[in-house]
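# Breakdown of the fold
One-letter residues, chain by chain:
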Amino acid sequence: MSRKCSDELPPEEGMEVDCTPEDLSKCSYEERCVELGEVKDMRLEAEAVVNDVLFAVTDMHVSHSLSSGLDVAYINVETREGQRYCLELTEAGLRVVGHGFDQVDEGLSSQYHETVYSLLDSLSPGYREAFGNALLQRLERLKQNGQ
């Protein structure tokens, strides 16, 4: 999973799909990892994922029970509808691996999502609504500050 961002674009084009201005420091870290050929620590990635969308779910945290490392991390999420999932985060992206906190069902075959936004959008109408409302509020603030 990687974020795409650039701080070299003009202000009106300075943000791409998976990067907000607050994320530029995270993107810089990831860009340095790519340039230096370093391996990203999925535990740190998982914490960043949680911080990005915690506002739009009931509960979300990195699993303390399941083993995480450089190549994989597990995230527990409870949607606004009360559904609990265990997510696996790897370089391939995010996918549901269990239907409860700290549960990994080896027989569960679910597709990878490049972003947590895409995954939650497919699982939770409440997430979609909260995300849309947050976006509208931010646009309203920008509009007010621009006038």
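Presented here is an overview of the structure given in this document. (Residues numbered from 1 in each chain as written. Predicted model: local features only at pLDDT ≥ 70, side-chain atom pairs only at ≥ 80, totals over all residues. Heavy atoms only, no water.)

## Regarding the packing of helix H3 (residues 116-123) against helix H4 (residues 125-146)
Worth spelling out the cut-off: Think of each axis as a best-fit line through the C-alpha atoms, taken over the contacting stretch in the case of a helix, with angles from 0 to 180 degrees between the N-to-C directions. A helix here means a DSSP run of H or I that spans at least four residues, while a strand means a run of E at least two residues long, and both kinds are numbered starting from the N terminus. These descriptions rest on fixed angle ranges, namely under 35 degrees for roughly parallel, over 145 for roughly antiparallel, 65 to 115 for roughly perpendicular, and the rest for oblique. Whether two residues are in contact is decided by their heavy atoms, any of which lying within 4.5 Å being enough. Each residue is assigned to one of three groups, with Ala, Val, Leu, Ile, Met, Phe, Trp, Tyr, Cys and Pro labelled nonpolar, Asp, Glu, Lys and Arg labelled charged, and all others, Gly among them, labelled polar.
It is at 6 Å that the axes of H3 and H4 come closest, and there the two elements cross at 125°. Classified by the angle their axes make, H3 and H4 are oblique. Contact residues: Tyr117, Leu120, Asp121 and Leu123 in H3; Pro125, Tyr127, Arg128 and Phe131 in H4. Its residues placed into classes, the contact of H3 with H4 shows six nonpolar, no polar and two charged.

## What to know about H4
This is how it is decided: By this rule the span expected of a helix is its residue count minus one, scaled by 1.5 Å. Type-normalised accessible area, obtained with a 1.4 Å probe on protein chains alone, sets the label of each residue: buried when under 20%, exposed when over 50%, and partly exposed for intermediate values. The arc under discussion is defined with respect to the helix axis, by the directions toward the C-beta atoms.
Here H4 spans 31 Å end to end across 22 residues, near enough to the 32 Å set by a 1.5 Å rise per residue. Turning to H4, its buried residues are Gly126, Tyr127 and Ala130. The arc that holds every buried residue of H4, seen down its axis, measures 105°, which confines them to one face. The exposed residues of H4 that point more than 90 degrees off its buried face are Glu129, Leu136, Leu142 and Gly146. Buried positions along H4 lie against helix H2 (42-53) and H3.

## Topic: the packing of aromatic side chains
Applicable threshold: Between the rings of Phe, Tyr and Trp (Trp by its six-membered ring), a pair exists once the centres lie within 6.5 Å; its type follows the angle of the planes, with under 30 degrees stacked, over 60 edge-to-face, and the other angles tilted.
For the structure on display, the rule yields two aromatic pairs. Judged by centre distance (6.0 Å) and plane angle (50°), the ring pair of Tyr117 and Phe131 falls under tilted. Linking Tyr117 in helix H3 with Phe131 in helix H4, this pair joins segments that are 14 residues apart in sequence. Ring geometry for Tyr127 and Phe131: centres 5.7 Å apart, planes at 35°, overall tilted. Residue Tyr127 and its partner Phe131 are located together in helix H4, separated by four residues, close to a single helical turn. Phe131 sits in the partly exposed class, given a relative accessible area of 33%. Members of the aromatic cluster, connected to one another through ring pairs, are Tyr117, Tyr127 and Phe131.

## Comments concerning H3
Along H3, the positions that sit buried rather than exposed are Val116, Tyr117, Leu119 and Leu120. Projected down its long axis, H3 shows its buried positions confined to an angular sector of 165°, all on one face.

## Section: unusual backbone geometry
Of note, the phi angle at Asp102 is positive, near 55°, even though the residue is not glycine. Checked against the element boundaries, Asp102 lands in the loop between strand E4 (93-98) and H3. On the basis of relative accessible area, Asp102 is assigned to the partly exposed category, the value being 29%.

## Considering the pattern of salt bridges
The line we're drawing: Whenever Lys or Arg places a side-chain nitrogen within 4 Å of a carboxyl oxygen from Asp or Glu, that contact is recorded as a salt bridge.
According to the stated counting rule, one finds four salt bridges in the structure shown. Note that Glu78 is salt-bridged to Arg84, the shortest N-O span being 3.3 Å. Judged by its relative accessible area of 16%, Glu78 falls in the buried class. Relative accessible area serves as the criterion here: at 40%, Arg84 is assigned to the partly exposed category. Asp121 is paired through a salt bridge with Arg128; the nearest N and O atoms lie 3.0 Å apart. On the basis of relative accessibility, which here comes to 34%, the residue Asp121 falls in the partly exposed class. Given a relative accessible area of 42%, Arg128 falls into the partly exposed group.

## Quick look at the nonpolar core
Most often, soluble globular proteins keep nonpolar side chains buried together rather than apart. Heads up, the condition is: Among the buried residues, those of types Ala, Val, Leu, Ile, Met, Phe, Trp, Tyr and Cys that are joined through side-chain atoms within 4.5 Å form a nonpolar core.
The biggest cluster of nonpolar side chains holds 23 residues, and the ones touching the most others in it are Met60, Ile75, Leu87, Val116 and Leu120. Sorting the residues of this core by element identifies H2, strand E1 (59-62), strand E2 (73-78), strand E3 (84-90), E4, H3 and H4 as the ones contributing at least two each. When neighbours within four sequence positions are excluded, Met60 is seen to be in contact with Val49, Val50, Val53, Leu54, Ile75, Asn76, Val77, Leu87 and Val116.

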